Amino acid sequence: MSDCSSSGSDEDLDPEIELLDELGGTLSKWTNYIHGWQDRWIVLKGNILSYYRSADEKEYGCRGSICLSKAVITPHEFDECRFDISVNDSIWYLRAENPLLRQQWIDTIELHKAESGYGSESSLRRHGSLLSLTSAASGLSTTSASSCKKGYSLREKLAEMETFRDILCRQVDTLQKYFDNCADADSKDELHRDKVSEDEEDFPTLWPDGDYLLNNNNSSKEKLFPVDNLKGPLGIDFKGEAITFKATTAGILSTLSHCIDILVKGEESWQRRLDKEIERRKRTEDAYKAAVTELKKKPHYGGPDYEEGPNSLINEEEFFDAVEAALDKHDQIEEQSQAERSRASRRISFTPDTYSSISTQKYLTTVEEMVQSHMNYSLQDVGGDANWQLVVEEGDMKVYRREVEENGIVLDPLKATHAVRGVTGHEVCHYFWDTAFRNDWETTVESFQVVETLSDKAVIIHQTHKRVWPASQRDVLYVSVIRKILSTNENDPDTWLVCNFSVDHDGYPPSARCIRAKINVAMICQTLISPPEGDKKITRDNILCKITYVANVNPGGWVPASVLRAVAKREYPKFLKRFTSYVQEKTSDEVVLF
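Please read all numbers here as calculations on a predicted model, not as lab measurements.

Draft legend 1. Quick peek at the overall build of the protein. Counting its regular elements, the protein contains 12 helices and 22 strands. Expressed as a percentage of its 594 residues, the buried residues of the protein come to 35%. For the protein, the computed accessible surface area is about 36600 Å², with 52% contributed by carbon and sulfur atoms.

Shown next, in the form of structure tokens:
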């Protein structure tokens, strides 16, 4: 007891108490591939590291914790602010605000791990007795009450065997003494016989030990015992002992037979359990192999090391597979939402193109330059330009690309031409520009907001796109303007144009959550009319809209060039078909708007 008292003394526990003081601070923690890095309140107490959503929400309980006794703290090789803490299969990815703060956290965690872990001398003194008691208690409690009931008859029979063994041992000792005494008496008898004279008279002679010797007719000698000596030496009842011995051995044999029966039944039960366990394990192994095979088909990686970046652990092929899988999932979700979405009929109304305030004048020059640039260059024929490559051709739609890279970033300009019947250029540009209809046809946008209204036909929009893992999430800030350009030749149709180009705005600076992409996009439409026969009115059957769509996008960040080009080749035709089909559906029952 003295040892226990000394191990729990104040002197031994003082260093531990100091280390158990709670330390806390804010670190960025990797949550998942959707939300990425999020600020969390990290608390270090003893050798337990916990995290909360924020310091104000500690009263609601921690969202997770790990024990540092066997934790491995690893500073990241490339990110100077990041360090990882791993315990078995659990990994926490953490980032500090700067490298100095990261090192302070690592040093503090390592100190608590060394001083508070079970491997330290102080922890052995403090936990030794309790650990032993706990281990003993757990060893005693491994057998459940149900298992005790199942084994009760066997234990009872084993207890009977113990009793039989004690009885049998005593009986063997008693019989052994009896046989030893009989052997001694026989030896004495032989000795006295040798001393008897051959010519001794034929009458009984009394020996000092009380035995009688008499001669028979054949001159042989026999040792006779008196009646009171039938119980044998030391007064042992040989017959009774023999009966008892027989009964004891019979009881032992019966109990052994019972035990064997119980063991056989138990063996059969355990065999059935083993067969079930083998079958369960086989099913689990088959499921595991199927899961591994599925993962190989569609790679899915966790953690920030597999995200977009020059040091990503995922190669270009796996990067493309992951992006393609994410896009397919987005398409499925969008198809379901489109099927469930009820589209209310909306009428189109326009007001004159007048700018509202002097504060918008700084954007006017850029707007006019962009509109003029697209009218001069975007409508030029690509047939004679060898730099343009035809990458997709589906019916009336053709998509061209010109490969351009700058500092390793793909900046390929794209141009698409299309012809859609039954809609006018005005209608196409209106539905492309008006934000009231944006969510009806745009499937890549997570959220958007009109930052500033420059005029009735010009707005500044901040738009956040859905994340396609493992690529980072992106947003754009751009001016969107719709214009009607009158034709200078009476034989040529008028042109409607929507131009979206990136700008800067003081109210929406780039954030750490998203990579800010730069765009310069134009939707240019002309309406061609086939005169009806006779005096018939012009209907939608007589209308054809010629569309030219150009896009110059700087995605920012780092994405493999092959992935960007493959995604652009896949997504741009899908977007154009989806949008034009939407316009046809919306305008089918409306008055033609030229």
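Draft legend 2. View of the pattern of salt bridges. In this structure the tally under the stated criterion is 18 salt bridges. With a shortest N-O distance of 2.7 Å, R95 and D79 are connected by a salt bridge. Placement of R95 in strand 7 (residues 90-95) and of D79 in the loop between strand 5 (72-75) and strand 6 (82-87) is noted, with a sequence separation of 16 residues between them. Residue R95 is classed as partly exposed on the basis of its relative accessible area, which comes to 24%. Classification of D79 as partly exposed rests on a relative accessible area of 22%. Across the salt bridge formed by R401 and E403, the nearest N and O atoms sit 3.8 Å from each other. The network of salt bridges with shared partners includes E405, D412 and R565.

Draft legend 3. Highlighting the environment of D475. Inspection of the secondary structure assignment puts D475 in strand 18 (residues 474-485). Through-space distance from the C-alpha of D475 to that of R513 is 9.4 Å; in sequence the pair is 38 residues apart. Polar side-chain contacts of D475 include one of 3.0 Å to the side chain of R516.

Draft legend 4. The sheet that holds strand 3 (residues 48-52), seen in detail. Reading across the sheet, the seven strands line up as 4-3-2-1-7-6-5 and stay open at both edges, with antiparallel pairing between neighbours. Of all the strands in the sheet, just strand 4 (64-67) and strand 5 have a single pairing partner and so form its edges. Adjacent strand axes in the sheet meet at a mean angle of 35° when their direction is disregarded. Pairing of strand 1 (residues 23-32) with strand 2 (residues 36-45) involves nine bridges; the strand directions are antiparallel. Paired with K29 across the strands is Q38, a residue of strand 2.

Draft legend 5. Structural context of the pairing of strand 15 (residues 414-421). Looking at chain direction, strand 12 (residues 397-401) and strand 15 are connected through four bridges and run antiparallel. Bridge pairing in strand 15 places Y400 opposite K415. Here eight bridges tie strand 15 to strand 22 (residues 543-554), and the two strands are oriented antiparallel to one another. Counterpart to A419 in the pairing with strand 22 is K546.

Criteria and thresholds
Residues numbered from 1 in each chain as written. Predicted model: local features only at pLDDT ≥ 70, side-chain atom pairs only at ≥ 80, totals over all residues. Heavy atoms only, no water. Helix = DSSP H or I, 4+ residues; strand = E, 2+ residues; numbered from the N terminus. Buried < 20%, exposed > 50% of the residue type's maximum accessible area, 1.4 Å probe, protein only. Areas by Shrake-Rupley, 256 points an atom, 1.4 Å probe, with all protein chains shown as cover. Salt bridge = Lys/Arg side-chain N within 4 Å of Asp/Glu carboxyl O. Polar contact = N/O pair within 3.5 Å; in protein donor to acceptor, adjacent residues only side chain to side chain. Pairing = 2+ DSSP bridges. Axes fitted to C-alpha atoms, helices over the stretch in contact; angles between N-to-C directions.

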